[in-house]
Amino acid sequence: MKTPSIHGMHGMLGQGMEDESVHQTMRIVYGILLLWFLAAAIGGMRGIFNQPGVPPAGVGLFLVVPIGGFVLAYAAIPRLRQALDLIPLWLITIAHTWRFVGLGFVIGALANILPRQFGYPEGVGDVLTAALCLPLAAALRNPVEGRYLRRAFIAWNLFGLVDLLSAITMGILYSPSTFGVLRTGLSTALMTRFPVNLIPTFFLPLFILLHLLSLRRSRELI
């Protein structure tokens, strides 16, 4: 029976330590995500996002701080980059099936609960993003032609990102806050009430981050 060489044993030990470092980093990331989710949920239950007549500072805080914080951390911490870059692109992509929740926006517009100018375009955009992620995730899992796949991947991410940014903009412009300059009747106040508030304060910024990570890693498909 062949005995492993010293170099081989050092290599296996190093690989094991590296894997444990990645797992530890991901546990920290999951912990931060859980705290973020709980903070958004508690804030929604306490009504801190539903304050008509004032600037939407609470929603803005839960959009800007997590996105800015994760972007800065990704740029500054190599271990975090290594851990996040190991997540399969197809898995990140298929996570967007959650955005079938956009059907609720369309239903809200039809039921005169949400402004049609918000519910229809943002809901349809989310549903399209969710529907298109399914064949794209399948192609990413078993890639055939990298060049065309990369183009489709980038185009889909840009479309999904623009849809989310549009949802933020239209949601604020039709809100009951002082920034709701387009509101004439119905408002997007529903989006600030628990549990719906979790969409703009947790899921929307989270999926913006997933799009940014995907675009950053799209060069892997070259």
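Check the entry above for the structure.
Procedures and definitions
- Residues numbered from 1 in each chain as written.
- Predicted model: local features only at pLDDT ≥ 70, side-chain atom pairs only at ≥ 80, totals over all residues.
- Heavy atoms only, no water.
- Helix = DSSP H or I, 4+ residues; strand = E, 2+ residues; numbered from the N terminus.
- Buried < 20%, exposed > 50% of the residue type's maximum accessible area, 1.4 Å probe, protein only.
- Salt bridge = Lys/Arg side-chain N within 4 Å of Asp/Glu carboxyl O.

1. A few points about the side chain of Asp-126
1) Next: Of note, Asp-126 is situated in helix α6 (residues 116–141).
2) Next: Since its relative accessible area comes to 7%, Asp-126 is described here as buried.

2. Observations regarding the pattern of salt bridges
1) Next: Taken as a whole and judged by the stated rule, the model has four salt bridges.
2) Next: Here Glu-20 ties to Arg-27 by a salt bridge, and the two come within 2.9 Å at their closest N and O atoms.
3) Next: Given a relative accessible area of 48%, Arg-27 falls into the partly exposed group.
4) Next: We note a salt bridge from Arg-217 to Glu-220, for which the minimum N-O separation is 2.7 Å.
5) Next: Linked by salt bridges that have partners in common, Arg-99, Asp-126 and Asp-163 make up one network.

3. Details of the environment of Asp-19
1) Next: With respect to the secondary-structure elements, Asp-19 resides in helix α1 (residues 6–45).
2) Next: Here the alpha-carbon distance between Asp-19 and Ala-83, two residues 64 residues apart in the chain, equals 9.2 Å.

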